[in-house]
Amino acid sequence: VVLGIVLVVSGVVLVVSGAVLVVSGVVIVVLGIVLVVSGVVLVVSGAVLVVSGVMLVVSGIVLVVSDAVLVFSSAVLVVSGAVLVGAGVVLVVSGVVLDVSGAVLGGE
C-alpha cells in the first residue's frame, strides 16, 4: 500500500512537472511570436523611413532645380536691364548730339 501511495505521489509529481513544462513551452512560443511581430513592425517602420528619406532627397533636388531656374531668370533680367540701360545711353547721346548740332546749325 505504501509503495502504491509512493507511486501515485510520484505520478502526480510527474504530471505537475509535465504541465509546468507545457506551460513554459507555450510561454516561449508566445514570446517568439511577439518577437517576430515586433521584427516585422521594425522592418515596416524602416521601410517607411527609407521612403520618407527618398521623398526628402527628391524634394531637395526639386528645390535645387527651381533655385537654378530662378537664378537663370534673374540673370536674364539683369542682361535685359543692361541692354535697356545701354539703349537709354545711346538715346541720351544721340539727343545731345542733335542738340549740339542744332545749336551749331542754328548759330550759323
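Below you will find a few notes about this structure. All residue numbers here refer to positions counted from 1 along the written sequence of the relevant chain. In keeping with the predicted nature of the model, local features appear solely for residues at pLDDT of at least 70, side-chain atom pairs appear and are counted solely at 80 or more, and the whole-chain, interface and lining totals rest on all residues. No hydrogens and no water enter the side-chain calculation; it runs on all heavy atoms of the structure.

**Structural notes on the overall build of the protein chain**
- Only runs of H or I of at least four residues qualify as helices and only runs of E of at least two qualify as strands under DSSP, and these elements are numbered from the N terminus. Within the protein chain, the regular secondary structure consists of 1 helix and 0 strands.
- A compact globule built from 108 residues would reach a C-alpha radius of gyration of about 13 Å, whereas the protein chain, at 46 Å, exceeds it by more than 25%.
- Seen through its C-alpha atoms, the protein chain measures out along the principal axes to roughly 160 × 10 × 5 Å.
- With a 1.4 Å probe rolled over the protein chains alone, any residue whose accessible area is under 20% of its type maximum counts as buried; one over 50% counts as exposed, and the rest are partly exposed. Across the 108 residues in the protein chain, those meeting the buried criterion constitute 0%.
- Carbon together with sulfur atoms contributes 90% to the accessible area of the protein chain, which is approximately 8,800 Å² in total. As defined in this context, the radius of gyration uses C-alpha atoms, and a globule is described by 2.2 Å times the residue total to the power 0.38. In these tables, accessible area is a Shrake-Rupley quantity obtained with a 1.4 Å probe, and a residue counts as shielded only by the protein chains included in the view.

**Looking at a nonpolar patch on the surface**
- Together, Val1, Ile5, Val9 and Val13 give the surface a local cluster of nonpolar side chains, amounting to about 420 Å² of exposed area.
- Its place among the elements puts Val1 in the segment before helix H1 (2-107). Only residues whose relative accessible area exceeds 30% and that form no salt bridge are eligible for patches; like-charged ones are grouped when within 9 Å, while nonpolar side chains (Val, Leu, Ile, Met, Phe, Trp, Tyr) are grouped when within 5 Å. The salt bridge definition used is simple: a Lys or Arg side-chain nitrogen within 4 Å of an Asp or Glu carboxyl oxygen.

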